[in-house]
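An overview of the molecular structure
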Amino acid sequence: MAANPTYPTREAVDFVVIGSGAAGGVMARELSVAGFNVVVLEQGPYRKAQDFTHDEIGVVMQGELSLNPNDHPQTFRARPELKAEVPPQGSGLPPAWYAAGVGGSSVHFTGNYWRFRPVDFKERSLLGEIEGTSFADWPLTYEELEPYYTRVDWEIGVSGAPGPFDAPRSRPYPVPPLPIKSSGAILERGAKALGLHPQVAPMAILSKPHNGRPACIHCGFCLGFGCEMNAKSSTLAAMIPQAEATGRCEIRTGCTVMRLEHDDRGRIRDVVYLDENGVEQAQRTRAAVLSANGAESARLLLLSQSAKHPDGMANGSGMVGKNLMFNAHSATHAWFEEPLNEFKSVQCTRIVMDFYETDTKRGFYGGGGIDARPLVNSWPILFAMGGIAPGLPTWGAEYKRLMERYFTRNMSVLGNCTSLAMERNSISLDPEVKDVFGRPAVRVTYEDHPDDLATARFMQDQAVAILEAAGAERLWRDEVTPSTGGPHLLGTCRMGNDPNSSVVDRYHRAHEVPNLFVVDGSNFVTSGRGQPTMTIQALAFRAAEHMTRAARAGEV
Amino acid sequence: MQTDQSRRRFLHTGTGAVSASWLAAQWPLALEAAEHAAEARDKQQPLAHLGPAEAADFEAIAARIVPATDTPGAREVGVIYYMDAAIGGWMAGVEQMLRPALAGLNATVKERFGAEHFHLLDADAQDTLLGEIESGPLFQTLRFMTICGMFALPSYGGNRNQLGWALLGFDPRHVWFPPFGHYDAPHHAQANAPAQSSTDKKHHHGR
Ligand SMILES: Cc1cc2nc3c(=O)[nH]c(=O)nc-3n(C[C@H](O)[C@H](O)[C@H](O)COP(=O)(O)OP(=O)(O)OC[C@H]3O[C@@H](n4cnc5c(N)ncnc54)[C@H](O)[C@@H]3O)c2cc1C
Ligand code: SF4
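This part covers the overall build of chain B. Of the regular secondary structure elements, chain B holds ten helices and zero strands. Starting at the N terminus, the α and β elements of chain B follow one another as α-α-α-α-α-α-α-α-α-α. Considering chain B as a whole, with its 207 residues, one finds that 52% of them fall into the buried category. Counting contacts in chain B only where the partners sit at least 6 residues apart, residues at least 24 apart contribute 66% of the total. By element, 55% of the accessible surface of chain B is carried by carbon and sulfur atoms, the whole surface being about 9000 Å².

Our next topic: the site of ligand 1. Residue and element names in this part refer to chain A. The immediate surroundings of ligand 1 are formed by 39 residues, with Ala-23, Glu-42, Val-257, Gln-531 and Thr-533 found nearest. With respect to ligand 1, the side chain of Glu-42 contributes an N or O atom lying 2.6 Å from an oxygen atom. Within the contact set of ligand 1, an oxygen atom lies 3.0 Å away from a backbone nitrogen or oxygen of Ser-105. Here ligand 1, which alone exposes 1000 Å², has 98% of that area covered by the protein. Those elements that place two or more of their residues in the shell around ligand 1 are helix H1 (22-33), strand E2 (38-42), strand E6 (256-262), helix H8 (293-303) and helix H12 (533-552). Considering only residue class, the shell around ligand 1 consists of 16 nonpolar, 19 polar and four charged.

Bringing the site of ligand 2 into the picture now. Contacts to ligand 2 come from Ile-205, Cys-216, Ile-217, His-218, Cys-219, Gly-220, Phe-221, Cys-222, Cys-227, Lys-232 and Ser-345 of chain A. Of the residues contributing to the shell around ligand 2, the split by class is seven nonpolar, three polar and one charged.

Residue and element names in this part refer to chain A. Here H1 is twelve residues long and its end C-alpha atoms lie 17 Å apart, about the 16 Å a rise of 1.5 Å per residue gives. With eleven of twelve residues buried, H1 lies mostly within the body of the structure. All of the buried residues in H1 are Ala-22, Ala-23, Gly-24, Gly-25, Val-26, Met-27, Ala-28, Arg-29, Glu-30, Leu-31 and Ser-32.

We now examine the packing of helix H6 (residues 95-113) of chain B against helix H8 (residues 137-151) of chain B. All names here are of chain B. Running from amino to carboxyl end, H6 crosses H8 at an angle of 115 degrees, the nearest separation of the two axes being 9 Å. As H6 packs across H8, the resulting crossing turns out to be left-handed. For the pair H6 and H8, the contacting residues are Met-97, Leu-98, Ala-101, Leu-102 and Leu-105 in the first and Pro-137, Leu-138, Thr-141, Leu-142 and Met-145 in the second. Partitioning the contact of H6 with H8 into residue classes produces nine nonpolar, one polar and no charged.

All names here are of chain A. With antiparallel pairing, the six strands of this open sheet are ordered in space as E4-E10-E11-E12-E9-E15. Each of the sheet's edge strands pairs with one partner strand only, and the pair in question is strand E4 (198-200) and strand E15 (474-477). Neighbour-to-neighbour, the strand axes of the sheet open up by a mean angle of 25 degrees, direction not taken into account. Sheet strands in contact with helix H11 (residues 450-469) are strand E9 (329-335), strand E10 (350-352), strand E11 (368-373), strand E12 (410-417) and E15, and its direction is about 20 degrees off that of E9.

With that settled, consider the pattern of salt bridges. Per the stated rule, a full pass over the model turns up 43 salt bridges over all chains. Between Glu-447 of chain A and Arg-79 of chain A there is a salt bridge; the shortest N-O distance is 2.9 Å. With Glu-447 of chain A in the loop between strand E14 (440-445) and H11 and Arg-79 of chain A in the loop between strand E3 (74-77) and helix H3 (123-127), this pair connects stretches of sequence that are 368 residues apart. Overall, Glu-447 of chain A belongs to the partly exposed group, its relative accessible area being 21%. Since its relative accessible area comes to 31%, Arg-79 of chain A is described here as partly exposed. The closest approach of N and O atoms between Glu-39 of chain B and Lys-43 of chain B, which form a salt bridge, is 3.3 Å. With Glu-39 of chain B and Lys-43 of chain B both in helix H2 (residues 20-43), this residue pair falls four residues apart, about one helical turn. You can call Glu-39 of chain B partly exposed: its relative accessible area is 39%. Take Lys-43 of chain B: its relative accessible area is 53%, and that puts it in the exposed class.

What follows deals with the sheet that holds E3 of chain A. All names here are of chain A. Spatially, three strands are ordered E3-E14-E13 in an open sheet, and the strand pairing comes out mixed. Whereas interior strands pair on both sides, the edge strands pair on one side only; in this sheet they are E3 and strand E13 (426-434). Geometrically, the sheet is characterised by an average inter-axis angle of 35 degrees between neighbouring strands, direction not taken into account. Of the pairings in the sheet, the one linking E3 to E14 comprises four bridges and is parallel in character. Bridging from a neighbouring strand, Phe-76 pairs with Val-444 of E14.

A word on unusual backbone geometry. Put simply, Pro-178 of chain B and Pro-179 of chain B share a cis peptide bond, and its omega is 0 degrees. Mapped onto the elements of the fold, Pro-179 of chain B is located in the loop between helix H9 (163-168) and helix H10 (185-192). The backbone phi angle of Asn-341 of chain A is positive, close to 55 degrees, even though this residue is not glycine. In this fold, Asn-341 of chain A is placed in the loop between E9 and E10.

In this section: the environment of Cys-417 of chain A. By the secondary structure assignment, Cys-417 of chain A is in strand E12. Discounting chain neighbours no more than four positions away, the residues touching Cys-417 of chain A are Asn-327, Ala-328, His-329, Gly-367, Gly-368, Thr-455, Ala-456, Met-459, Ser-527, Gly-528, Arg-529 and Gly-530 of chain A.

In this section: the nonpolar core. Note that soluble globular proteins tend to have their nonpolar side chains buried in a common cluster. Among the nonpolar cores identified, the biggest contains 183 residues, and Met-27 and Leu-516 of chain A together with Phe-58, Met-145 and Phe-151 of chain B are the most heavily contacted of them. The element contributing the most residues to this core is H12 of chain A, with ten residues. Residues within four places of Phe-151 of chain B in sequence aside, it is in contact with Pro-380, Ile-381, Ala-384 and Met-403 of chain A together with Asn-159, Gly-164, Trp-165, Leu-167 and Leu-168 of chain B. In terms of nonpolar packing, the next biggest core, distinct from the first, is built from 28 residues, Ala-328, Leu-340, Ile-370 and Cys-417 of chain A among them.

What follows concerns the pairing of strand E5 (residues 249-253) of chain A. Residue and element names in this part refer to chain A. The buried count for E5 comes to five of five residues, which makes it a mostly enclosed element. Side chains Cys-249, Ile-251 and Thr-253 project from E5 onto one buried face, and the interleaved Glu-250 and Arg-252 project onto a second face that is buried too. Bridging between E2 and E5 involves five bridges; their strand directions are parallel. Looking across to E5, one finds that Val-38 is bridged to Cys-249.

Another point: the confidence of the model for chain B. Residue and element names in this part refer to chain B. Here chain B averages 82 in pLDDT, while 76% of its residues score no lower than 70. Note that pLDDT drops below 50 for residues 1-28; the model gives that stretch 105 contacts with residues more than four away or on any other chain. For the stretch residues 195-207, pLDDT sits under 50, and the model shows 23 contacts to residues farther than four places along the chain or on other chains. Model confidence for the complex is summarised by a pTM of 0.94, with the ipTM given as 0.95.

This part takes up the packing of aromatic side chains. Under the criterion given, the structure shown has 25 aromatic pairs over all chains. Both rings, one in Phe-15 of chain A and one in Phe-36 of chain A, keep their centres 5.2 Å apart while their planes meet at 80 degrees; by these two values the pair is edge-to-face. Of the two residues, Phe-15 of chain A sits in strand E1 (residues 13-18) while Phe-36 of chain A sits in the loop between H1 and E2, which places them 21 residues apart along the sequence. The exposure class assigned to Phe-36 of chain A is buried, which follows from its relative accessible area of 11%. Three or more aromatic residues joined by ring pairs form one cluster here, namely Phe-221, Phe-225, Phe-343, Trp-379, Phe-383 and Phe-407 of chain A together with Trp-165, Phe-170 and Trp-176 of chain B. Above the ring of Tyr-507 of chain A, the side-chain terminus of Arg-506 of chain A is found at 5.1 Å from the ring centroid. The positively charged end of Arg-529 of chain A is found above the aromatic ring belonging to Tyr-356 of chain A, 4.9 Å away from the centroid.

Rules used in this analysis
- Residues numbered from 1 in each chain as written.
- Chains lettered and ligands numbered in written order.
- Predicted model: local features only at pLDDT ≥ 70, side-chain atom pairs only at ≥ 80, totals over all residues.
- Heavy atoms only, no water.
- Helix = DSSP H or I, 4+ residues; strand = E, 2+ residues; numbered from the N terminus.
- Buried < 20%, exposed > 50% of the residue type's maximum accessible area, 1.4 Å probe, protein only.
- Contact = heavy atoms within 4.5 Å.
- Areas by Shrake-Rupley, 256 points an atom, 1.4 Å probe, with all protein chains shown as cover.
- Near = heavy atom within 4 Å.
- Polar contact = N/O pair within 3.5 Å; in protein donor to acceptor, adjacent residues only side chain to side chain.
- Nonpolar A, V, L, I, M, F, W, Y, C, P; charged D, E, K, R; others polar.
- Expected span 1.5 Å × (residues − 1).
- Axes fitted to C-alpha atoms, helices over the stretch in contact; angles between N-to-C directions.
- Left-handed = near helix turned anticlockwise from the far one by under 90°.
- Pairing = 2+ DSSP bridges.
- Salt bridge = Lys/Arg side-chain N within 4 Å of Asp/Glu carboxyl O.
- Core = buried A, V, L, I, M, F, W, Y, C linked by side-chain atoms within 4.5 Å.
- pLDDT = per-residue confidence, 0-100.
- Phe/Tyr/Trp six-rings, centres within 6.5 Å; stacked < 30°, edge-to-face > 60°.
- Lys NZ or Arg CZ within 6 Å of the ring centre and 35° of its normal.

Structure follows, in C-alpha cells:
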C-alpha cells in the first residue's frame, strides 16, 4: 500500500472532502482513484475492524460510536413556533442520529440496500401537487442512475436476488443472498398466505468473499455495531482502504470543520477546521465536497455566513436546512412457539414490497417496504429492558420465565415509509444552545405530515396481518406517534434545476458557489421508502464521475 | 431503519436517572471499575464501594427482580459486583438518589414489619413492598442495574460464568452457520438437497 500523504495546509489540494461516511467514503475513493489529491476531514476517530466489540453497554447505552451528547447537544421542537429544547435526560438518542468516525453511519447501519424505483423520481408529475408540501420531481431519472446503482452493488458489495417488483437492473448482484433467518422465513410464510410477494432482502453485507473482503460470519451484533470482519459493506471496509491505496488521499481524523471560506470571486478557498488538538487550521483547496450528512452539511453551510452569503453559504434560495425527511416507520412485535434465535446473523433476510407505490384509493400519499428482523431484542440487555409484551410482569419469577422462553422466540416487523418534504421541517442553528466548540447546536424542527403517519399505520396493519397469518402466538404494536428524531437525514440541501427552490444542481454543484459540491443524504428531493443509503451512494458515484470530468476540463 | 423508538422506550423504562449522555460523561471511569469488579466477583472478594448492609439490601432487591428458580437468579449471577462497580464508578451519579431512597424504604420496613433492613424480610413481604414502589426511581434504577449485571459482558462485574446469558439461551459465539432457528431450518435443508423443484419459481429467489 502506498504511504499516506500529508499535504501542507497552505497549498491548495484538488479536493477537500468533509465527512467520510456513506457518501464521503465514495467521494474520497473515486476522486483519489481518478488522480486528484484529496484531503478528507472527519470529526470522529479512525476505528478499524479490530476496534469493534459486542459490548452492549459501551455501544448501545453509551453510544460510543456517536458523538458525546454532552459535548454536542442537539435540540428538538415539533413546529417552528415552539422553542426547541435539548431532549430530557433519559430520552436516549439525539434527534439527528449518526455515527462519527471514518465510515460515518455506514459503520453501524443495518445494511438494507433498496434501490429506488423509477416512480420515486417522478411522483410529483404522476400524482400532482400536495398542498403544504414541497413535493417535487427529481432532476434525474432512474435510468440515469441505474449504472451507478450497479456500481454500488459491485464496488460497495451488496448481496441479494431480484424481486418481482424491482426496477430493471443491468447486472446481477455480485454475491448471492445471505442465508434466510427464521424471521425471514416467518415473514415469507405469512406474506405468501396473504397472496403477497415476499422477496430476498438486498443487504450491504457480503454473503461470499468479494473484492478481497470476507463473508459475514453471522455474529449477530450488526445493527448499531461495527463489523469485526469487514463483511458489512461500510465505506470504512469497502472504499477507504482503496482511497488510501492510491497514495493521494490523506484522512485527517478528529478534525471538525467549522466553516467554509470563499475568496473575492466567491469561490471556496479554505476549509477551516479544528484539528485533533483543538487548534484552528485552514486547508486551502481548489474545490470542496460537503458530505457531512443531512444534519451537519446544512449546519455547516448555515455557519458559513459572509457578506456575500448573509444567510449562509449557497443559501440564496433559503432552502438550506429545509425539507428534512426522516422516513416514517412503524414497528410490530411478535412471539412464536419455537426458537428463532434472532441473535444470530444479520438483521433482515426477507422483505415485502407489495405496498411500495402510492395507491390513491387509500386516501393518502405514501408507500413503503416491510421487513422482518429482531430489531433491538436480539441484544440481551435491551430485550430484558423492553422486550416483554405489554401488560406482562417486568420483574419476579414470571418475568424471568418469560425472558427464558422468549429471548429466542421473538421478532419484529417494520414498516419503512415515505416522508413528505415540507419547509417547516428543518435543520437550523439553535439560537441559545452551543456545542463544546461554541458552535450553535443542531436544531431539529419536525412534525410528520398526516399522510406519513397514515402510511406508517397502514403498513403496520399489513405487518399485523402477516404475523397473524404466520401463526404468531402473541403480537403487539408500537403505537405510531410523531417522529422526534431519526437516523435518516434527508432533504436539507435538495437538488434541482431551479436555483430558487434548490441548493445544488443535478450534479450536486451548489447553484451559487461553482467549486462547492454537496453530496450526501441532504440532496434527496423525496424520501424514498425508508432505506436511503443505496441511493445516496449511487448519487455519489455519479457526482464523482461528473466532477472528475469537469475538473479535468478546468470547469471546477 | 429505525431503532430509536425502541431504544427510547428502553431508556425511559430504564430510569429517569440513567441516560445515554449521562453514562457517556461517566465513561472513562467505567472500564477501570469494571475490571476491579470482575476480579472481585471471581475471587469472591469484598465489595469495593458499598457497605455490607446496603449491599445486602440491593442484592435482596435484585434477587426479587430476577429470583433464583430452577435456574440461577441475580444473586447467583453476581449482580451485586456489577452494582458495586457501577455505583462506585460509571453510575456514581445515582448514588445521591439511591442512598436516601433506600433509607426511605427501610423506614417503611421498620414501621410495617419491625425489621431493620429490607434484606431481613421474607420474600412475600419483600415483593409486597417492591410492588408498591415499582414505578419509582429506586426500583427502576435497581432493575436497570440488575439487568445489566445479569446480561452485560462478564467483564463489567456481573454475569458470572455467563450464567445470565445461559438462562436467556444466548450464546456469545461469533461465528454461526445456518440453520439459525426452527423456522428457517427447512429452507436450508431444501437448499442443500441435490435437486430442487420449485413450484413457485417466479417469486422464489435464492436461498
Ligand atoms: C443505526 C442505523 C441504522 C441504519 N440502517 C440503515 C439501513 O439499513 N439502510 C439504509 O439505507 N440506511 C440506514 N441508515 C442510514 C444511513 O446510515 C445513512 O443514510 C447514511 O450513513 C448517510 O450517509 P451520509 O454520507 O449522508 O452521512 P454519514 O454516513 O452520517 O456521514 C457523515 C460523516 O461526516 C462526519 N462529519 C459531520 N460533520 C462534520 C464536520 N463538521 N467536520 C468533519 N466531519 C464531519 C460525521 O462524523 C460522519 O462520519 C442507518 C442509520 C443508523 C444510525
Ligand atoms: S452479522 Fe455479519 S456483517 Fe453483521 S457485524 Fe456480524 S459478521 Fe459483520
